[in-house]
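Notes for the structure review
What follows is each chain in one-letter form.
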Amino acid sequence: MARATRSPRSNSTGPGRTPRRSRTGTRASSSSTPAEPVTDPTPAAVPVWRRGLHLTRRALVMVIVVVVLAISFGSSLRIYLTQQHDLAVAEQDIRDRSAQIADLQSELARWDDPDYVKAQARERLGWVMPGETGYRVVDEDGNPLGGGAVITSEQTLPSGEHDPVWWDRLWGSVQTADAPTRKVTTP
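Residues numbered from 1 in each chain as written. Predicted model: local features only at pLDDT ≥ 70, side-chain atom pairs only at ≥ 80, totals over all residues. Heavy atoms only, no water.

Points about the pattern of salt bridges
If you walk through the whole model with that rule in mind, you get 2 salt bridges. Here Asp-93 ties to Arg-97 by a salt bridge, and the two come within 3.3 Å at their closest N and O atoms. With a gap of 4 residues between them, Asp-93 and Arg-97 both fall in helix H2 (residues 57–111), about one helical turn apart. (Salt bridge = Lys/Arg side-chain N within 4 Å of Asp/Glu carboxyl O. Helix = DSSP H or I, 4+ residues; strand = E, 2+ residues; numbered from the N terminus.)

In structure tokens, the structure reads:
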């Protein structure tokens with residue numbers, strides 16, 4: 001009884017529906033030759049490049065939205081990764097400097113110990129305690145071998161010259177004031 005109450009619209013085709021085929025098979029033709037089956041080209045028989053790309057408008061809009069989101073997230077991801085790298089470099093720098101600070105603080109604490117100061121004075125400067133006899137071993141050129149540091153200044157004057165003292169600088173200033181030189185400028 002349910003089949004008899006179907007509306008006539010159910011046989012119509014609409015979006016996504018295909019027309020119904022009759023169950024009787026192929027019709028007999030009026031000619032005497034046997035009927036040839038009608039061949040519909042199936043999608044598998046037609047090459048892909050001839051079928052074309054069938055996209056609906058919704059699918060096309062969705063693809064465009066996904067591409068735009070991927071581009072925007074890609075640049076944000078690049079910025080995020082750059083910031084993570086910079087943060088890792090900064091944290092490593094902080095760890096290195098903290099270790100350096102700890103080393104310097106431990107060295108500073110060692111200098112508070114009088115025995116360490118005495119040992120450094122003996123080793124670096126070659127000092128001896130009162131009542132001791134100090135020996136220095138030198139090579140054939142007269143340079144000390146082994147312990148003992150040689151203190152030198154960073155600036156050295158050529159041989160035969162000495163550092164100007166204050167009265168030498170003063171006298172040079174007086175001589176310059178007595179005989180000034182004129183600078184001639186041409187416009």
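Past the structure itself, the notes keep going.
Here we look at helix H4 (residues 166–178)
An ideal rise of 1.5 Å per residue puts 18 Å on 13 residues; H4 measures up with 19 Å between its terminal C-alpha atoms. Among the 13 residues in H4, 0 count as buried, and that is only a small part of the element. (Expected span 1.5 Å × (residues − 1). Buried < 20%, exposed > 50% of the residue type's maximum accessible area, 1.4 Å probe, protein only.)

Some remarks on the side chain of Gln-120
The topology assignment puts Gln-120 in helix H3 (residues 114–125). Judged by relative accessible area, which is 11%, Gln-120 ranks as buried. Not counting the four nearest positions on each side in its chain, Gln-120 is found in contact with Trp-111 and Leu-125. (Contact = heavy atoms within 4.5 Å.)

Focus on the confidence of the model for the chain
For the chain, the average pLDDT comes to 76, and 62% of its residues sit at 70 or higher. By mean pLDDT, the top-scoring element of the chain is H2 (94), and the lowest-scoring one is helix H1 (residues 48–51) (60). (pLDDT = per-residue confidence, 0-100.)

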